[in-house]
Amino acid sequence: MTHIVQMKGMNKYFGKLHVLKDIDLSVEQGEVVVIIGASGSGKSTLIRCVNGLEEFESGHLEVEGQKLAPKGGNQEALSNIRKEVGMVFQQFNLFPHLTVKKNIMLAPQKVKNTPQTVANATAERLLERVGIGSQADKYPTHLSGGQQQRVAIARALAMEPRLMLFDEPTSALDPEMIGEVLDVMRELAREGMTMMVVTHEMGFAREVADRVIYIHEGQIVEQGKPDDVFDNPQNERTQAFLSRVLAH
Amino acid sequence: MDSQFQFDWQAAINSIPFLIKGIPYTLLISFGGLMIGFALGIIFGLLSINKKWFLRWPATAYIEIFRGTPILVQVLFIFYGLPDLIGGPIDPLTAGIAAIALNSGAYISEVVRGGVQSIDKGQSEAGLSLGLSRTQTFWSIIWPQAFRRMIPPLGNQAIVSIKDTSLFSVIGVGELVRQGQVYIASTFTAFEVYFVVAIMYLAITLSLSLILRLVERRGLASV
């Protein structure tokens with residue numbers, strides 16, 4: 001098994017607040033890991049540590065064989081990791097001053113020196129793939145939330161990442177647009193992309209995840225196959241959480 | 001109190017050819033100074049939000065000093081004070097441009113700082129997550145957006161600086177006000193001449209406002 005991500009005894013603090021406690025977690029190539037938990041449980045912070053958007057204070061974190069040092073040390077590893085790890089944000093974070101296509105072309109051109117014609121072709125192909133080929137020359141604000149998030153996925157894919165991080169990708173969307181984004185993610189998973197997904201979409205988790213992780217107050221309290229975690233949770237905190245979110 | 005005063009249109013019109021000679025100086029000092037001030041503003045504005053204290057502190061000191069003292073004192077200091085230090089005279093035009101540059105530079109630093117800080121943190125996170133370096137993220141993602149937001153306050157500063165050049169009549173630059181003073185000394189038509197001078201400033205600042213409004217509209221259209 002090839003580990004794409006490996007965390008051992010990882011700790012993270014926001015000031016005095018201990019947000020991640022002794023996290024042990026590894027993600028294998030091709031695996032889809034869905035992280036669930038109440039808001040404030042540390043699930044977003046956990047995946048933000050993977051590409052160094054959050055620094056951790058102690059422990060071990062290795063991504064794609066690159067070791068990240070605590071407190072933002074080892075900048076070289078960090079920059080290597082970011083080239084290999086894509087991220088999709090809750091608020092999309094598209095670049096409003098660039099057209100949809102330019103949003104996608106920017107990183108390959110700047111980071112990999114991809115020639116413009118190649119970057120352009122890649123952008124068009126990716127936009128077709130996420131179902132919005134006709135919107136390439138519009139600016140992001142002229143798109144619906146669901147379309148924007150699909151552009152954000154295409155933008156991350158343009159760097160040909162080996163791992164994709166999704167930080168509550170549907171939480172800012174109107175209900176009728178959630179499906180179109182989940183469809184794209186489902187398709188990615190089917191094609192074998194390694195994914196770490198923080199989400200409240202329990203239906204998606206059950207259907208797509210290889211493994212579901214439940215985080216409570218910065219600790220992984222339960223993990224396993226989706227059917228096991230959802231139908232037969234062992235930890236009472238997981239039971240309480242699931243009964244709250246699955247009740248309606 | 002009987003006021004026999006009547007506005008002498010002929011005197012006003014007669015003064016125009018002489019006064020208009022001041023406009024190139026007014027424009028040269030204000031736009032020359034503003035261009036340097038813009039460069040200073042980018043440099044010191046960015047330094048003032050740098051994480052390293054030894055870069056941040058000098059920048060903040062510069063900004064506070066030149067915002068906190070009157071531009072009239074600054075130009076007098078440069079024109080009359082600095083020659084003692086450098087051992088030679090400074091010509092009034094250079095002193096005027098330098099004063100506008102240093103003064104507007106301090107205000108523009110704050111405009112730059114505010115513009116950059118107004119951009120959502122998610123923008124730089126998106127850039128970094130795509131593998132762009134901090135420098136690339138700044139210049140391709142943050143700066144273009146920040147600059148758009150800076151256009152209105154920059155326009156404001158340009159108008160302030162244009163009007164500030166009127167103070168430089170005290171060091172004898174032949175700008176608009178100075179031309180007016182010289183003209184009045186022989187014609188004694190203060191009311192008419194200052195009226196024309198005011199109209200000329202207004203013509204400059206209004207044209208600038210108009211241009212800025214067009215630029216702004218074009219800039220915003222694409223966002």
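Each remark here, short or long, concerns the structure printed above.
The rules we used
Residues numbered from 1 in each chain as written. Chains lettered and ligands numbered in written order. Predicted model: local features only at pLDDT ≥ 70, side-chain atom pairs only at ≥ 80, totals over all residues. Heavy atoms only, no water. 1 Å grid on protein atoms, 1.4 Å probe; cavity = no way out; pocket = protein on both sides within 12 Å on 5 of 7 lines; lining within 4 Å. Points joined across faces, edges and corners; volume = space filled by probe spheres on them. Helix = DSSP H or I, 4+ residues; strand = E, 2+ residues; numbered from the N terminus. Nonpolar A, V, L, I, M, F, W, Y, C, P; charged D, E, K, R; others polar. Contact = heavy atoms within 4.5 Å. Buried area = accessible area lost by both parts, 1.4 Å probe. Salt bridge = Lys/Arg side-chain N within 4 Å of Asp/Glu carboxyl O. Polar contact = N/O pair within 3.5 Å; in protein donor to acceptor, adjacent residues only side chain to side chain. Pairing = 2+ DSSP bridges. Axes fitted to C-alpha atoms, helices over the stretch in contact; angles between N-to-C directions.

Turning our attention to the layout of surface pockets. Taken as a whole, the largest pocket spans an internal volume of roughly 1,400 Å³. Within the residue set of the lining of the largest pocket, elements represented by two or more residues are helix 1 (43-50), helix 2 (75-84) and helix 3 (100-112) of chain A together with helix 5 (92-117), helix 6 (121-129) and helix 7 (134-164) of chain B. Per-element accounting of the lining of the largest pocket gives the leading share, 7 residues, to helix 7 of chain B. Grouping the amino acids of the lining of the largest pocket by side-chain chemistry returns 16 nonpolar, 13 polar and 11 charged.

Here we take up the interface of chain A and chain B. Between chain A and chain B, the residue contacts involve 22 residues of the former and 20 residues of the latter. Of the roughly 1,800 Å² buried at the junction of chain A and chain B (both faces included), carbon and sulfur atoms supply 61%. Area buried by chain A at its contact with chain B is led by R82, F95 and H97 of chain A, which between them contribute 30% of it. For the pair chain A and chain B, the interface holds 1 salt bridge. The interface formed by chain A and chain B contains 6 residue pairs in polar contact (both at pLDDT 80 or more). Counting residues per element, the side of chain A that touches chain B draws most heavily on helix 3 of chain A, at 4 residues. Taken together, the residues of the side of chain A that touches chain B break down into 13 nonpolar, 4 polar and 5 charged.

What follows covers the sheet that holds strand 5 (residues 66-68) of chain A. Residues and elements named next belong to chain A. In spatial order, the strands read 2-1-4-5; together these 4 strands make up an open sheet with antiparallel pairing. Of all the strands in the sheet, the pair left with one neighbour each is strand 2 (17-28) and strand 5. With strand direction ignored, the average angle separating the axes of adjacent strands in the sheet is 20°. Sheet topology note: the strand 1 (residues 3-14)/strand 2 ladder contains 8 bridges and is antiparallel. Paired with M10 across the bridge in strand 2 is I23. Each of strand 1, strand 2, strand 4 (58-63) and strand 5 is contacted by helix 1, which is oriented at about 120° to strand 1, the strand it contacts most.

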